[in-house]
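What the coordinates show
Listed below are the residues making up each chain.
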Amino acid sequence: MAIYLPGTAEEEHIALDELTPREIVAELDKYVIGQNAAKRAVAIALRNRMRRQKLAPDLAEEVIPKNIIMIGPTGVGKTEIARRLAKLANSPFLKVEASKFTEVGYVGRDVESMIRDLVDIAIDMVREEKLEDVADKAELNAEERLLDILLPPVASRSSESNTGGLVLEGTSSSESQNRTREKLRQQLREGKLDDRMVEIDVRERNFPSFEIISNQGVEEMDVNIKDMLPNLFGQRTKKRKLKVNEAFEYLIQEEEQRLIDMDQVTRIAIDRVEDSGIVFLDEIDKIAGRESGHGPDVSREGVQRDILPIVEGTTVNSRYGMVRTDHILFIAAGAFHVSKPSDLIPELQGRFPIRVELQSLTMQDFIRILTEPKSSLVKQYTALLETEGVQLEFTREALEEVARFAFRVNEGTENIGARRLHTIMERVLDEISFDAPDKKGEHITVDAQYVGKMLADIVKDQDLSRYIL
């Protein structure tokens, strides 16, 4: 399977099965700074998936993924590593907070809902891929339909005589019709007809919906009457007047839906979930409580026991059919400040054999995060202000000052990792961003002195610092 690796300079297509663990880590390095142990673990997990696909089916069935627990404070790259890995592998990816299944949230949605959500994501992924395949044909079909509306075909004319039933076509009229049609086609493609009004048949979509209440909890299955009783409603349409460009877009969408085989999309999506799905279970430490006989601890252990069969391998019923979870990769993450992985029930611990610890970010890490990744904060702010005609430049000393402030505030208050950089950068660039429309054509250099000036008052006032930064 050849996939596009986002961010490659040459924008070349690289076969996923040709990527070694070292190359996978190198790709992750483009987006996440440091945390080599975690990158190695997920790279090996992805490579093992490729290796499994090359095994005999009976043996491949027995090879289960080695699930991972990432231990580390917030904002150090746990989620980003998992998300980038999924994008690299073109895998359906779902992030879910384990704590949402405790207490009130536990009544609202059952644990199996994460697999149903993963299937929905896979359906959307495969549908998008199929849309790209049929895009050209859909556009041509929509163009023909729109031309038929703009210039209805001339009906064949037959002679009124009884000369053997011979049908006489209006040849000159047909040729004229074709010439006019081609002129209209040219005008349509050049956008000259965009503001003309046309009347088209639009399908009605306002069907009532149900909410299904099952014994597992309340599940929004989004089942509508049209799906359950298609013969009752049929394909009702109504006339609507639209501009040509709007009508063209609508007809393209209609043709795309007609050309896509949703049964095939569903089959491919379920296979992709079962073979390469990735679920990121965040805040796993929040449910790492053993039974104490009262209070929320019972609920936490109950959630662990509900998660266990899904991680072990079970079959979940979704609106698209049964989905097996045996080969879905689960990556759990948590800070584990007040608990530890051994506080999880033993059965669940056994299903997460790989443990990796992510390190807190240093000042040097902050400097690298500001500049090195493909979509670093400096590149983002520079590009945003370029849209206003302002050339923004940061000196090395300014970036060091920002990193120093971020590191100090994280040490003195709550450590939120790299997210602190967003807060501080917004504060530093507050005036520049506000005045940017009035500074078109200017070149602005942000140096260490400017950073110090923008943050000085806040840093002096510790209470204000805690509130703002």
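Below, the structure is looked at part by part.

What counts, and where the lines are drawn
- Residue numbers restart at each chain and count upward from 1, following the sequence in its written direction.
- In view of the model being predicted, local features appear only for residues whose pLDDT reaches at least 70, and side-chain atom pairs are presented and counted only at 80 or more, with totals across whole chains, interfaces and linings using the full set of residues.
- Hydrogens are left out, water is left out, and the side-chain values use all remaining heavy atoms of the structure.
- Put simply, a salt bridge is a Lys or Arg side-chain nitrogen that is within 4 Å of an Asp or Glu carboxyl oxygen.
- Buried residues are those whose accessible area, probed at 1.4 Å on protein chains only, stays under 20% of the maximum for their type, while exposed residues exceed 50% and partly exposed ones sit between those limits.
- The way it works is that DSSP assigns letters per residue, a run of H or I at least four long becomes a helix, a run of E at least two long becomes a strand, and they are numbered from the N terminus.
- Strands are treated as partners if at least two bridges between them are detected by DSSP.
- With axes taken as lines fitted to C-alpha atoms, and helix axes fitted only over the stretch in contact, angles between N-to-C directions fall between 0 and 180 degrees.
- The contact definition used throughout considers only heavy atoms, calling two residues in contact when any of these lie within 4.5 Å.
- Residues enter a nonpolar core if they are buried and are Ala, Val, Leu, Ile, Met, Phe, Trp, Tyr or Cys, with the set joined through side-chain atoms within 4.5 Å.
- Roughly parallel here means an angle under 35 degrees, roughly antiparallel means over 145, roughly perpendicular means 65 to 115, and every remaining angle is called oblique.
- Note on convention: near helix rotated counterclockwise from far helix by under a right angle means a left-handed crossing. Clockwise means right-handed.
- Each residue gets one of three labels, nonpolar for Ala, Val, Leu, Ile, Met, Phe, Trp, Tyr, Cys and Pro, charged for Asp, Glu, Lys and Arg, and polar for the others, Gly among them.
- Side-chain rings of Phe, Tyr and Trp (the six-membered ring for Trp) are treated as a pair once their centres are within 6.5 Å; stacked means planes under 30 degrees apart, edge-to-face means over 60, and tilted covers the remaining angles.
- In this scheme, Lys NZ or Arg CZ marks a charge over a ring once it lies within 6 Å of the ring centre and within 35 degrees of the ring normal.
- We call two N or O atoms a polar contact when they sit within 3.5 Å, provided that within protein one can donate a hydrogen and the other can accept it, with sequence-adjacent residues counted only if both atoms are side-chain atoms.

**So, the pattern of salt bridges**
As enumerated under the stated definition, the model contains 30 salt bridges in all. Ionic pairing is found between Lys 95 and Glu 97, a salt bridge with its closest N-O pair at 3.8 Å. Of the residues examined, Glu 97 reaches a relative accessible area of 29% and is grouped as partly exposed. The salt bridge partner of Lys 286 is Glu 283, with a shortest N-O separation of 3.9 Å. Lys 286 sits in the partly exposed class, given a relative accessible area of 46%. Salt bridges sharing partners connect three or more residues here, namely Glu 143, Glu 144, Asp 148, Arg 181, Glu 182, Arg 185 and Arg 189.

**Considering the environment of Thr 237**
Take Thr 237: it is sitting in strand β8 (residues 237–243). For Thr 237, a relative accessible area of 42% gives the class partly exposed. For the pair Thr 237 and Asp 201, spaced 36 residues apart in sequence, the C-alpha separation works out to 5.8 Å.

**Details of the pairing of strand β3 (residues 68–71)**
Where a strand is regular, its side chains alternate between the two sheet faces. Covered by surrounding structure in β3 are Ile 68 and Met 70 together with Ile 69 and Ile 71, the residues of both alternating faces. Of the pairings in the sheet, the one linking β3 to strand β12 (residues 329–334) comprises four bridges and is parallel in character. Each residue of the ladder has a partner; that of Ile 68, found in β12, is Ile 331. By the bridge criterion, four bridges tie β3 to strand β13 (residues 354–357) in an arrangement that is parallel. In the strand pairing of β13, Ile 68 is matched with Ile 354.

**Points about the sheet that holds β3**
A sheet is described by the order of its strands in space; here five strands give the open sequence β4-β9-β12-β3-β13, paired in parallel fashion. The strands lining the two open edges of the sheet, one partner per strand, are β4 (93–97) and β13. The average undirected angle you get between the axes of adjacent strands in this sheet is 20°. Bridge count between β4 and strand β9 (residues 278–282): five bridges; the pairing is parallel. Counterpart to Glu 97 in the pairing with β9 is Asp 282. The sheet contacts of helix α2 (residues 36–53) involve β3, β9, β12 and β13, and relative to β3 the element is tilted by about 165°. Across the sheet, helix α4 (residues 78–89) is in contact with β3, β4, β9 and β12; its angle to β9 comes to roughly 170°.

**What about the nonpolar core?**
Formed by 63 residues in total, the largest nonpolar core has its most connected members in Met 70 and Val 446. In this structure Val 446 touches Leu 392, Glu 393, Phe 394, Thr 395, Ala 398, Val 428, Leu 429, Ile 432 and Val 451, once residues within four positions along its chain are discounted.

**With respect to the packing of helix α6 (residues 113–150) against helix α10 (residues 244–259)**
Two numbers describe how α6 lies on α10: the axes approach to 7 Å, and their chain directions differ by 130°. Taken together, the axis directions place α6 and α10 in an arrangement best described as oblique. Taken as a pair, α6 and α10 cross one another with a handedness that is right-handed. Listed contacts from α10 to Leu 131, Val 134, Ala 135, Lys 137, Ala 138, Glu 139, Asn 141, Ala 142, Glu 143, Arg 145, Leu 146 and Leu 150 of α6 are Val 244, Ala 247, Phe 248, Leu 251, Ile 252, Glu 254, Glu 255, Glu 256, Arg 258 and Leu 259. Looking at the contact of α6 with α10, its residues break down into 13 nonpolar, one polar and eight charged.

**A look at the packing of aromatic side chains**
Within this structure, the stated rule accounts for zero aromatic pairs. Note that Arg 84 overlies the ring of Tyr 31, its terminal NZ or CZ placed 3.9 Å from the centroid.

**Some remarks on the side chain of Lys 39**
For Lys 39, the position within the fold is in helix α2. A distance of 2.4 Å separates a polar atom in the side chain of Lys 39 from a polar atom in the side chain of Asp 29. Apart from residues no more than four positions distant in its own chain, Lys 39 is found in contact with Val 25, Leu 28, Asp 29, Val 32, Ile 33, Gly 34 and Ile 81.

**Examining the environment of Leu 377**
With respect to the helices and strands, the residue Leu 377 is situated in helix α15 (residues 377–386). Sequence-wise, Leu 377 and Met 425 are 48 residues apart; in three dimensions their C-alpha atoms are separated by 8.3 Å. Residues contacting Leu 377, with those up to four places away along its chain left out, are Ile 369, Leu 370, Leu 421, His 422 and Met 425.

That's the geometry; what it means functionally is another story.
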